[in-house]
Amino acid sequence: MSIFNLLRIALRAIKRNKLRAFLTMLGIIIGVAAVITMMSIGQGSKQSIQNTFSSMGANMITVMPYNNMPMPGGVRMGAASVQSLTLNDVQKIQREVTEINAISPGVSSSGQAIRGANNWPTNLQGVSADYLHIRKLEIQEGTNFTDEQIKSSAKVCLVGKTVVDNLFKNGENPIGQIIRFGKIPFQIIGILAPKGQNTFGQDQDDIIIAPYTTVMKRILASIYLQNIYASTATETLSEIASDHIIEVLRTNHRLRDGVENDFDVRTQAELIQTLSSTSGMMTSLLTAVAGISLVIGGIGIMNIMYVSVTERTREIGLRLSIGARGKDILWQFLTEAVMISITGGVFGVIIGIAASLIVSNVVHWPIIISQSSIVISFIVCVITGIFFGYYPAVKAAALDPIEALRYE
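A quick note: this is a predicted structure, and the numbers were derived from the prediction, not measured.

Draft legend 1. Up close: the overall build of the chain. Along its length, the chain carries 13 helices and 10 strands. The buried share among the 408 residues of the chain stands at 45%. The contacts of the chain with a sequence gap of at least 6 include a subset with a gap of at least 24, amounting to 78%. Looking at the chain as shown, the accessible area adds up to about 20,900 Å², and 60% of this sits on carbon and sulfur atoms.

Written out as structure tokens, the structure reads:
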């Protein structure tokens, strides 16, 4: 029997019981739509994480203090409470780690930025001029602070768009204006180009940047650093530079062999890999749960094909009696099962794409609809139709024509 005839007979059988066929397809439709939606959300999340860290500087290396001496009970203090990094560490890294092309000390403080009657809770970052290069920040208007201003602990700052919008509500030009952070006055010398929110919902424009010496002396009254930021020319050098930084800091901190580091060195690649693997695991879990609908849909196909074989027993007997072979009957019912599965898959793909676009436009989650997810869905539909339609088809092909003709 030709494939054309098989398709024609299968289509006629489906048309004969349209509602039943649709209800059978429903499990496949829901399963495919759910799988495509979950994969789209997962792929979008991965890409968004990579874009976020790339916008922060794909080659960035961050050094943070770490308490290698646990308190009684095994409790370790948080990084903010540990004092192990100093400006001497920055100078050592700058001299000895040749793989890096920029480095900046880092300190920060949270508080209220005030101008006249307006105030705004924000974060003050104390860094060097290289910080903008490391974090890929740009100045939209004004200038960066100079080395002389860093040496003199000048009370100057750069501000993000969110701070500008909340302190200068009447549209005044912030350049040259004085704002206070706590009790310390700062003169605005530059406005940062807007970057918006990152993947984690953090406003990257809600920031004030000042010389690290100013923040250390006038705000924190501390000689210790909270972070050291560095960057390399290429991503491939990040791991090499990271290992070299560890060697330099261990020597500078006089840590003996076997003693745990009192600092932690992280590269963007490590953070991207960690978050991407977590996102991938969650996507796989959600996709697997959604895939259960496909199994349920397949069971529905098997069930309805059994019913179809029972209802059409006399038809099968008539076909066998006039010369149809067992494999013709097998292919007839197998084609019908695969057609139901593929048709459900087509509707599922359409609904899945529509659901993904709705999630993107309404919830504003990052979405990537990949061709691979659509192709995989069709392949799964074909396999589901063959797997769950095969046994009923074999049962139909094995019927005795005489017994089938006698069936009531």
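Draft legend 2. Layout of the layout of surface pockets. Taken as a whole, the second largest pocket spans an internal volume of roughly 280 Å³. Gln94, Pro105, Ser128, Ile150 and Tyr212 are, among the 13 residues lining the second largest pocket, the residues nearest its centre. Residue assignment for the lining of the second largest pocket shows that the elements contributing at least two residues are helix 3 (87-96), strand 2 (100-115) and helix 5 (147-151). Among the elements that make up the lining of the second largest pocket, the one with the highest residue count is helix 3 (four residues). Looking at the lining of the second largest pocket, its residues break down into seven nonpolar, three polar and three charged.

Draft legend 3. View of empty space enclosed by the protein. Counted under the stated rule, the structure contains one cavity of 30 Å³ or more. In this model, the largest cavity occupies a volume close to 80 Å³. Residue lining of the largest cavity: Ala13, Ile14, Asn17, Arg20, Ala21, Thr24, Ile304, Met305, Ser308, Glu336 and Ile340, and that is the complete set. Of the residues that constitute the lining of the largest cavity, the class distribution is six nonpolar, three polar and two charged.

What counts, and where the lines are drawn
Residues numbered from 1 in each chain as written. Predicted model: local features only at pLDDT ≥ 70, side-chain atom pairs only at ≥ 80, totals over all residues. Heavy atoms only, no water. Helix = DSSP H or I, 4+ residues; strand = E, 2+ residues; numbered from the N terminus. Buried < 20%, exposed > 50% of the residue type's maximum accessible area, 1.4 Å probe, protein only. Contact = heavy atoms within 4.5 Å. Areas by Shrake-Rupley, 256 points an atom, 1.4 Å probe, with all protein chains shown as cover. 1 Å grid on protein atoms, 1.4 Å probe; cavity = no way out; pocket = protein on both sides within 12 Å on 5 of 7 lines; lining within 4 Å. Points joined across faces, edges and corners; volume = space filled by probe spheres on them. Nonpolar A, V, L, I, M, F, W, Y, C, P; charged D, E, K, R; others polar.

Just geometry here; none of it tells us what the structure is for.
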